[in-house]
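# Analysis of the macromolecular model
Single-letter residue listing:
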Amino acid sequence: MVLNQKGEIMISRQYRDDVSRVAADSFRIQVIAAKEASSQPPIKRIENCSFLYTRHLNMYFVALTKSNVNPALVFEYLFQKIRVLKAYLGEEFDENSMRNNMTLIYELMDETMDFGYPQNCAVDVLRLYINLGNIKPQDEPEPEQLTKQITGAIDWRREGIRYKKNEVYIDVLESVNLLISSSGSILRSEVTGRVQMNTKLTGMPECKFGLNDKLVIEKESTAGRKKSGVEIDDCTFHRCVRLGKFDADRTITFIPPDGEFELMRYRVNDNVNLPFRLIPAVQEEGQTKASINLKVIANFSEKLFATHVVIKVPVPKNTSKSKIKNSFGRAKYEPEQNAIVWRIKRFPGKAECMLSVDLELVRTVRPKAWVRPPINVEFQVPMFTASGVHVRFLRVYDKSGYQTNRW
């Protein structure tokens, strides 16, 4: 069911008879009215009934059950449900748009779940026979083809796709979470990455994809030729990937959806190549003044550049005024974050920049030593992977044997 911020039921659908609408009152009183949604886990057990919920804007999407279900499955369905509604109602759909499209939403509820079991959540398939909202009607498919696609194993790709030029675009996008202490030592470094693909292929091709995974490299390398690989953790894949083959021999094989999609996500914790080196210097002058000097050095090639660089330098909570000097970019004191936030749109490789901050502090009745929290840095560097992950190969197999351009 879907509730608004007042706890009123906007839409509800019962797939079994073990839970009633009366249970929504318990959820409204114990979760929404008690304001637990932002501070407690999104699972609540009330009167032998499990409530699993997530939020979109000011609305609560809640799943109720008395059975011992897999919570990951329930949350994945809720997230997919919101994704489907975004496709039909817009990215920022709200309570009014929900109320104005009741018929559409009930139809989507019946198509995406049956007797409590998730069914078809693929927007490309749903749009073939549900053409309301923002979804434009496509050419009417043959009834036999539509039935086969709805009930078939490959519901993310329809048959009969034709392109004059067969192309595949692939990108590896990474974000680095880095914590550095006031002395310049690295406290934590973690890389989370994703492989983004855009396929324009004819027919029903099968793709084979390979990264420089450490386990695969060690298996393929001979005694005389040892190659280094990257130890990849926590892989999650698009549902088109055949997990059985990946578990057996770490090969990623799949029949890709048509168009743009996210193939996989991964995480790397070891041997992270940090694009930046930070040299901080903090000096406290009594209880009323402090100064911070920060030098940032780009370690990557001068042919590359970083974008959307955000450096958050913590300051004492009793800071009243700040005088900031920086070589380039924009820096300002943001009291709500207790930090100097330095934003740089474009940072060239091998470049250096300086930040100098003079702080005025308010004298406190009970002075406490400043613990100097770590500096936080966020950035993006195109054509550079901090984890060292790169694409080794991408092969496309089709019965007709056409040539494919890979980018």
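Calculation notes
- Residues numbered from 1 in each chain as written.
- Predicted model: local features only at pLDDT ≥ 70, side-chain atom pairs only at ≥ 80, totals over all residues.
- Heavy atoms only, no water.
- Helix = DSSP H or I, 4+ residues; strand = E, 2+ residues; numbered from the N terminus.
- Buried < 20%, exposed > 50% of the residue type's maximum accessible area, 1.4 Å probe, protein only.
- Contact = heavy atoms within 4.5 Å.
- Areas by Shrake-Rupley, 256 points an atom, 1.4 Å probe, with all protein chains shown as cover.
- Arc of directions from axis to C-beta.
- Salt bridge = Lys/Arg side-chain N within 4 Å of Asp/Glu carboxyl O.
- Phe/Tyr/Trp six-rings, centres within 6.5 Å; stacked < 30°, edge-to-face > 60°.
- Lys NZ or Arg CZ within 6 Å of the ring centre and 35° of its normal.
- Pairing = 2+ DSSP bridges.
- Axes fitted to C-alpha atoms, helices over the stretch in contact; angles between N-to-C directions.
- Parallel < 35°, antiparallel > 145°, perpendicular 65-115°, else oblique.
- Left-handed = near helix turned anticlockwise from the far one by under 90°.
- Nonpolar A, V, L, I, M, F, W, Y, C, P; charged D, E, K, R; others polar.

## Things to note about the overall build of the chain
What the chain contains, in helices and strands, is eight helices and 23 strands. Put simply, the chain has 407 residues, and 42% of those count as buried. Considering only residue pairs separated by 6 or more positions, the chain has 68% of its internal contacts joining residues 24 or more positions apart. A total of about 23,500 Å² of accessible surface is found on the chain, and carbon and sulfur atoms cover 48% of it.

## Details of helix α1 (residues 23-32)
All buried positions along α1 are accounted for by Ala-23, Ala-24, Ser-26, Phe-27, Val-31 and Ile-32. One face of α1 carries all of its buried residues, which in axial projection span an arc of 165 degrees. Against β1 (2-3), β2 (9-11), β3 (43-46), β4 (49-56) and β5 (59-65) lie the buried residues of α1.

## Quick word on unusual backbone geometry
The residue Glu-47 is not glycine, and still its phi comes out positive at about 50 degrees. Its place among the elements puts Glu-47 in the loop between β3 and β4. Taking relative accessible area as the criterion, Glu-47 reaches 64% and is therefore assigned exposed. Backbone geometry at Phe-115 places phi at a positive 55 degrees, although glycine is not the residue there. Mapped onto the fold, Phe-115 is located in the loop between β6 (113-114) and β7 (117-118).

## Things to note about the pattern of salt bridges
As a working rule, side chains carrying opposite charge can pair if their charged atoms are close by. This structure, assessed with the given rule, holds nine salt bridges. Taking the shortest distance from any N to any O, the salt bridge between Asp-110 and Arg-13 comes out at 2.8 Å. Taken together, the residues Asp-110 in helix α4 (residues 102-112) and Arg-13 in the loop between β2 and α1 connect sequence positions 97 residues apart. For Asp-110, a relative accessible area of 39% translates into the label partly exposed.

## Looking at the packing of aromatic side chains
Taken as a whole and assessed by the stated rule, the structure comprises seven aromatic pairs. Taking 5.4 Å as the distance between ring centres and 65 degrees as the angle between the ring planes, the aromatic pair formed by Phe-328 and Phe-347 counts as edge-to-face. A residue pair is termed long-range when its members are at least 10 positions apart, and Phe-328 in the loop between β17 (319-326) and β18 (330-334) and Phe-347 in strand β19 (residues 339-348) qualify at 19 residues. In textbook terms, an aromatic cluster arises when at least three aromatic residues are bridged by ring pairs, as seen for Phe-276, Phe-300, Phe-328, Phe-347 and Phe-379. For Arg-395, the ring lying beneath its charged end belongs to Phe-393, and the centroid distance is 4.1 Å.

## Looking at the sheet that holds β2
Read across the sheet, five strands follow the order β2-β1-β5-β4-β3 without closing on themselves; strand pairing throughout is antiparallel. Single-partner strands in this sheet number two, and they are β2 and β3. Direction of pairing for β4 relative to β5: antiparallel, over a ladder of seven bridges. Directly across from Thr-54, in β5, lies its bridge partner Phe-61. Sitting on the sheet, α1 touches β1, β2, β3, β4 and β5, and the angle it makes with β3 is about 120 degrees. Strands β3, β4 and β5 of the sheet are contacted by helix α2 (residues 71-89), whose axis makes an angle of about 35 degrees with β4.

## Things to note about the packing of α2 against α4
In the contact formed by α2 and α4, the axes pass within 11 Å of each other and the chain directions differ by 140 degrees. Between α2 and α4, the crossing angle belongs to the class labelled oblique. Judged by the twist between their axes, the crossing of α2 over α4 is right-handed. Contacts between α2 and α4 pair Tyr-77, Lys-81, Val-84, Leu-85, Tyr-88 and Leu-89 from the former with Leu-104, Ile-105, Leu-108, Met-109 and Thr-112 from the latter. For the contact of α2 with α4, the class distribution of residues is nine nonpolar, one polar and one charged.

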